[in-house]
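# Report on the structure
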Amino acid sequence: MYNITTIAGDGIGKEVINAGIAILDHLDLNINYIEAEAGLETFEKTGTTIPEETVKSAKKSDATLFGAITSVAGEKSPILRLRKSLDLYCNLRPVKSFNGTKSIKPNIDFLIIRENTEGLYCQVESLYENEAIAQRQITRKASERISKFGFEIAKKYNKKSVSCIHKANVLKLTDGLFKESFYKIAKNYPDINANDYYVDAMAMFLVTKPKEFDVIVTTNLFGDILSDEAAGLVGGLGLLPSGNIGDKNGLFEPVHGSAPDIAGKNISNPVATILSIAMMLDFLKEEYVANKIQIAVENVLKHGKIQTPDLGGTNKTNEMTTEIIKELDNL
Ligand code: NAI
Ligand code: MG
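So, how was this worked out
Residues numbered from 1 in each chain as written. Chains lettered and ligands numbered in written order. Predicted model: local features only at pLDDT ≥ 70, side-chain atom pairs only at ≥ 80, totals over all residues. Heavy atoms only, no water. UniProt positions renumbered as here; feature names shortened; annotations may be inferred. Helix = DSSP H or I, 4+ residues; strand = E, 2+ residues; numbered from the N terminus. Buried < 20%, exposed > 50% of the residue type's maximum accessible area, 1.4 Å probe, protein only. Contact = heavy atoms within 4.5 Å. Axes fitted to C-alpha atoms, helices over the stretch in contact; angles between N-to-C directions. Parallel < 35°, antiparallel > 145°, perpendicular 65-115°, else oblique. Left-handed = near helix turned anticlockwise from the far one by under 90°. Nonpolar A, V, L, I, M, F, W, Y, C, P; charged D, E, K, R; others polar. Phe/Tyr/Trp six-rings, centres within 6.5 Å; stacked < 30°, edge-to-face > 60°. Lys NZ or Arg CZ within 6 Å of the ring centre and 35° of its normal. Pairing = 2+ DSSP bridges. Core = buried A, V, L, I, M, F, W, Y, C linked by side-chain atoms within 4.5 Å. 1 Å grid on protein atoms, 1.4 Å probe; cavity = no way out; pocket = protein on both sides within 12 Å on 5 of 7 lines; lining within 4 Å. Points joined across faces, edges and corners; volume = space filled by probe spheres on them.

The chain appears in an unreviewed UniProt entry as Homoisocitrate dehydrogenase from Methanobrevibacter curvatus. The record in UniProt for the chain states the following under Sequence similarities (unreviewed entry): "Belongs to the isocitrate and isopropylmalate dehydrogenases family." Under Cofactor (unreviewed entry), UniProt gives the following word-for-word description of the chain: "Mg(2+)".

Right, dumping it as structure tokens:
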């Protein structure tokens, strides 16, 4: 049995999590759901955006499924809190174009692996009279473990190369250490091609030759920017899943937010969440079911018979979900 904490959150978070649970319930898995709270509504009720019980529940569970929250200005970000408390050091984003969708570039299939705990996002800033300084922390430990994660995933999915993205020509000590750690780990994987690129060049290559990349490993800020750029390549927030993974815990979530503009209308695209569930099941070593979900989603998108408005159609969230369930039954 799996204990799964679900955090639906705000806005369309609730709709897409319901859709995801409908998919999970249809599969032959023994799951115990623990509902937990976070976000704006939680803040209005309790005065905190993420109660301690939510963090505790996520820590104890086999995995956590996160919908989306509406951010509250000046309050702590629930997702940052969870990443830190659960030491979810890897942010994994598959970038894949699907047949049948208006993906800007076809046939793209690579993975971005972003270091999730340090870099410029360690949030150590100082303000002086006429100057503000941010620290950028890069440790050997975090750099080696994220590189190892990258090579392990390349091995698992038979990817040919792993690329380290940095700016070591300017940030000689911090990114120097990141790059050195990457190549140290690369020695353990002689069958995988290890290479590296400067982040500015990479920003261009993602547009000019995205098909050349298999797995990209990078620091926190660069990964944040490159993964949104990559999302633009394959078009559509409603299609993009992500995983936050550590040695003990995993939290899976669609890349999108709570979308207040379409919330409550039953028209949000549940695919990003359903693909996040496939990633979650992969993490739980249920690779067979994970793959089945992936294929069912790909087929439904390819057929294009049922499409939510973001994909150019007029169908509802639950119609898309039902279609994916039907396709699962056909496989
Ligand atoms: P958003 O991702 O919520 O929406 C951006 C645009 O994409 C909107 O037009 C929305 O309708 C559309 N969209 C997003 N997901 C969709 C889906 N599944 N199906 C169809 N259309 C979809 O980003 P926005 O508007 O900048 O932020 C809204 C709120 O969400 C803010 O409070 C923001 O801070 C929060 N947010 C939360 C995240 C999280 O919980 N991890 C991530 C990003 C934003
Ligand atoms: Mg971002």
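## Considering the environment of A296
Checked against the element boundaries, A296 lands in helix α10 (residues 287-303). Given the relative accessible area of 0%, A296 is considered buried. The sequence separation of A296 and L226 amounts to 70 residues, and the corresponding C-alpha distance is 28 Å. Dropping the residues within four chain positions of it, A296 is found in contact with I324, E327, L328 and L331.

## Re the packing of helix α7 (residues 199-208) against helix α8 (residues 220-234)
α8 packs onto α7 with a crossing angle of 10° between their chain directions and a minimal axis gap of 10 Å. The orientation of α7 with respect to α8, classified from their angle, is roughly parallel. Crossing angle aside, the handedness with which α7 passes α8 is right-handed. Contacts between α7 and α8 pair V199, M202, A203, L206 and V207 from the former with F222, L226, E229, A230 and L233 from the latter. Its residues assigned to classes, the contact of α7 with α8 comprises nine nonpolar, no polar and one charged.

## Observations regarding the UniProt feature "domain: Isopropylmalate dehydrogenase-like" (unreviewed entry) in the chain
Taking the numbering used here, the UniProt-annotated feature "domain: Isopropylmalate dehydrogenase-like" (unreviewed entry) corresponds to residues 3-324. Between the C-alpha atoms that bound residues 3-324 there is a distance of 24 Å. The span itself is 41% helix and 21% strand.

## Describing the packing of aromatic side chains
Per the counting criterion, the structure on display carries seven aromatic pairs. Here the aromatic rings of F182 and Y183 are separated by 5.1 Å at their centres, their planes lie at 80°, and the arrangement is edge-to-face. F182 sits in the buried class, given a relative accessible area of 0%. What links up through ring pairs into an aromatic cluster is the set F151, F182, Y183 and Y189. Note that R136 overlies the ring of F222, its terminal NZ or CZ placed 5.4 Å from the centroid.

## Some thoughts on the sheet that holds strand β8 (residues 161-166)
Hydrogen bonds between backbone atoms are what pair the strands of a sheet, whose relative direction is either parallel or antiparallel. Taken together, the ten strands give an open sheet; going across it, the order is β2-β1-β3-β12-β11-β4-β5-β10-β8-β9, and neighbouring strands pair in mixed fashion. At either margin of the open sheet sits one strand with a lone partner, and together these are β2 (31-36) and β9 (193-198). The sheet shows a mean angle of 20° between the axes of neighbouring strands, direction not considered. Pairing of β8 with β9 involves six bridges; the strand directions are parallel. Looking across to β9, one finds that I165 is bridged to Y197. Here helix α3 (residues 52-60) sits on the sheet in contact with β1 (2-9), β2 and β3 (63-68), set at roughly 145° to β1. Seen against the sheet, helix α5 (residues 140-156) touches β4 (90-96), β5 (109-115), β8, β9, β10 (215-218) and β11 (241-245) and runs at an angle of roughly 160° to β5.

## A closer look at the nonpolar core
With 59 residues, the main nonpolar core has L92, I113, L281, I293 and I324 as its most contacted residues. Apart from the residues within four sequence positions on either side, I324 is in contact with I23, V271, I274, A296, V297 and V300. Counting residues in hydrophobic clusters, the runner-up holds 18 residues, among them M202, F213, I216 and F222.

## Structural notes on the layout of surface pockets
The computed volume of the largest pocket comes to approximately 1,100 Å³. Mapped by element, the contributors of at least two residues to the lining of the largest pocket are β4, β5, α5, β11, α9 (271-283) and α10. Its residues assigned to classes, the lining of the largest pocket comprises 20 nonpolar, four polar and 14 charged. Taken as a whole, the second largest pocket encloses approximately 830 Å³ of empty space.

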